[in-house]
Amino acid sequence: MRFASLGSGSQGNSTLVAADDTLLMVDCGFTPKEAEARLQRVGVTPASLDAILVTHEHGDHCAGVASLSKRHGIPVYLTHGTAATNRLSGCHQQVLVNAGARFSIGSITCSAVPVPHDAREPVQFRFDAGGWSLGILTDLGSITPHLVASFSGCDGLLLEFNHELDLLMQGPYPGTLKRRVAGDFGHLNNAQAGHLLSQLDNRRLRILVAGHLSQQNNTPEHALAALAGVAAHHGARIQVASQDSGFDWLSLLEEAEPSLSAAVGT
Ligand SMILES: [Zn+2]
Ligand SMILES: [Zn+2]
């Protein structure tokens with residue numbers, strides 16, 4: 001199982017997950033043209049995507065989904081609540097699922113895990129294939145016991161480190177936006193993400209990527225400072241996803257043996 005990101009942050013998100021002959025895209029917050037260019041960078045043609053899974057209707061996750069789906073005949077998996085927003089009505093094909101559902105696409109089992117976020121029926125995903133588990137967990141304002149259970153035992157995890165609380169509060173956002181971002185249905189700050197990480201069963205964790213960093217209210221250094229102590233303890237490879245280039249393919253198999261030279265800061 002491997003995964004890559006076309007970009008991660010409030011300007012657009014899209015993640016690829018591959019196992020055996022199955023290739024999935026999670027979200028597409030980029031225009032189809034931009035997404036196609038970014039796909040090319042990681043060696044993927046749009047037509048080779050088996051499905052696009054949508055986490056929720058916010059523009060940084062769904063802006064390009066309908067057009068990309070239509071252009072290349074790709075089915076789109078989304079919750080009933082996300083579909084009800086009509087932000088994805090132009091898709092080639094919609095497959096509606098419930099938050100909490102577990103379903104298979106090709107050789108990948110997908111679990112749609114409900115998250116506390118200010119959207120209609122938002123979910124995040126855990127993927128299982130061939131004994132490997134990968135979690136993608138961004139866009140949540142608080143931690144629930146169900147989330148801790150659902151994302152424990154992953155081999156790879158892309159986790160939201162949205163903002164440093166002090167930077168957000170001292171920054172230029174208007175008060176209403178600050179309260180929204182920091183609220184229970186907003187986004188995880190660095191300390192919350194570190195706290196969540198400390199609650200998960202991380203014994204299998206080999207790759208941890210900090211994602212969805214706010215360009216305004218966070219820095220990779222702040223995120224790394226919050227997570228290094230937790231994940232490095234388990235020997236996981238650690239890196240930060242960027243808005244411009246996401247990250248290139250990471251293979252859970254290749255990271256199966258924990259490296260002593262954990263790539264902190266790269
Ligand atoms: Zn987002
Ligand atoms: Zn969102």
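The rules behind these values
Residues numbered from 1 in each chain as written. Chains lettered and ligands numbered in written order. Predicted model: local features only at pLDDT ≥ 70, side-chain atom pairs only at ≥ 80, totals over all residues. Heavy atoms only, no water. Helix = DSSP H or I, 4+ residues; strand = E, 2+ residues; numbered from the N terminus. Rg over C-alpha atoms; globule rule 2.2 N^0.38 Å. Buried < 20%, exposed > 50% of the residue type's maximum accessible area, 1.4 Å probe, protein only. Contact = heavy atoms within 4.5 Å. Areas by Shrake-Rupley, 256 points an atom, 1.4 Å probe, with all protein chains shown as cover. Lys, Arg positive; Asp, Glu negative; His and termini not counted. Charge placed at Lys NZ, Arg CZ, Asp CG, Glu CD. Pairing = 2+ DSSP bridges. Donors = N, O, S within 2.8 Å, 3.2 Å for Na, K, Ca; no water. Tetrahedral: all angles 85-135°; square planar, octahedral: opposite > 155°, others 65-115°. Axes fitted to C-alpha atoms, helices over the stretch in contact; angles between N-to-C directions. Polar contact = N/O pair within 3.5 Å; in protein donor to acceptor, adjacent residues only side chain to side chain. 1 Å grid on protein atoms, 1.4 Å probe; cavity = no way out; pocket = protein on both sides within 12 Å on 5 of 7 lines; lining within 4 Å. Points joined across faces, edges and corners; volume = space filled by probe spheres on them. Nonpolar A, V, L, I, M, F, W, Y, C, P; charged D, E, K, R; others polar.

Caption draft 1: Structural context of the overall build of the chain. Counting secondary structure elements, the chain contains nine helices and 14 strands. Its C-alpha atoms give the chain a radius of gyration of 17 Å, within 12% of the compact-globule value 18 Å for 266 residues. Viewed in the frame of its principal axes, the chain has a C-alpha envelope of about 45 × 45 × 35 Å. The buried share of the chain, reckoned over its 266 residues, is 57%. Restricting to contacts in the chain with at least 6 residues of sequence separation, those with at least 24 account for 65%. About 10600 Å² of surface is accessible on the chain, with carbon and sulfur atoms providing 50% of the total. Charge centroids of the chain, computed over 17 positive and 24 negative side chains, lie 4 Å from each other.

Caption draft 2: Representation of the pairing of strand β8 (residues 108-114). Across the seven residues of β8, five count as buried, placing the element largely inside the fold. Hairpin connection from strand β7 (residues 102-105) to β8: two residues lie between these consecutive antiparallel strands, with G106 at a positive phi of about 55 degrees. By the bridge criterion, six bridges tie β8 to strand β9 (residues 123-129) in an arrangement that is antiparallel. Residue pairing for β9: P114 is matched across the bridge by V123.

Caption draft 3: Quick look at the coordination of the zinc ion (ligand 1). Taken together, D60 (OD), H61 (NE2), D139 (OD) and H212 (NE2) make up the full set of protein donors to the zinc ion (ligand 1), lying 2.1 to 2.2 Å away. Coordination at the zinc ion (ligand 1) comes from four donor atoms whose angles at the metal span 92 to 160 degrees, giving a geometry best classed as irregular. All donors of the zinc ion (ligand 1) come from a single chain, and their spacing in sequence reads D-H-x77-D-x72-H. Taken as an interatomic distance, the gap from the zinc ion (ligand 1) to the zinc ion (ligand 2) is 3.6 Å; D139 donates to each of them. Of this pair, D139 sits in the loop between β10 (132-137) and α5 (145-150) while H212 sits in the loop between β12 (207-211) and α9 (220-231), and the two are 73 residues apart along the sequence. The pair D139 / H212 is uniform in exposure class, with both members buried.

Caption draft 4: Local environment of the coordination of the zinc ion (ligand 2). Within the protein, the zinc ion (ligand 2) binds to H56 (NE2), H58 (ND1), H117 (NE2) and D139 (OD); these donor distances fall in the range 2.2 to 2.5 Å. Between the four donor atoms coordinating the zinc ion (ligand 2), the angles at the centre fall across 92 to 171 degrees, so the site counts as irregular. Here the donor residues of the zinc ion (ligand 2) are spaced in sequence according to H-x1-H-x58-H-x21-D.

Caption draft 5: How the structure looks around the sheet that holds β8. The sheet built from seven strands is open, its strands ordered β7-β8-β9-β10-β11-β12-β13 with mixed pairing. With one partner strand each, in any of the chains shown, β7 and β13 (237-240) form the two edges of the open sheet. Neighbour-to-neighbour, the strand axes of this sheet turn through a mean angle of 20 degrees, independent of strand direction. Sheet topology note: the β7/β8 ladder contains four bridges and is antiparallel. Among the inter-strand pairings, R102 is bridged to a residue of β8, identified as S111. The sheet strands contacting helix α8 (residues 190-199) are β10, β11 (156-160) and β12, and the helix crosses β11 at an angle near 150 degrees.

Caption draft 6: Examining the environment of S142 more closely. Counting through the fold element by element, S142 comes out in the loop between β10 and α5. Given the relative accessible area of 16%, S142 is considered buried. For the pair formed by S142 and W132, sequence separation is 10 residues and the distance between their alpha carbons is 26 Å. When sequence neighbours within four positions are dropped, the list of residues in contact with S142 reads P116, L147, D184 and L188. A polar atom in the side chain of S142 sits 2.9 Å from the backbone oxygen of D184.

Caption draft 7: Region of the structure containing helix α3 (residues 65-72). Taken together, the buried positions of α3 are V65, A66, L68 and S69. Residues of α3 that are buried make contact with β3 (22-26), α1 (32-41), β4 (51-53), α2 (59-62), β5 (75-79) and β6 (93-97). Positive backbone phi, approximately 65 degrees, marks G73, located one or two places after α3.

Caption draft 8: Quick look at the layout of surface pockets. Estimated volume of the largest pocket: approximately 190 Å³. Lining the largest pocket are 13 residues, with S10, R180, V181, H187 and H212 sitting closest to its centre. It is helix α7 (residues 175-182) that contributes the most residues to the lining of the largest pocket, three residues altogether. Split by residue class, the lining of the largest pocket holds three nonpolar, seven polar and three charged.

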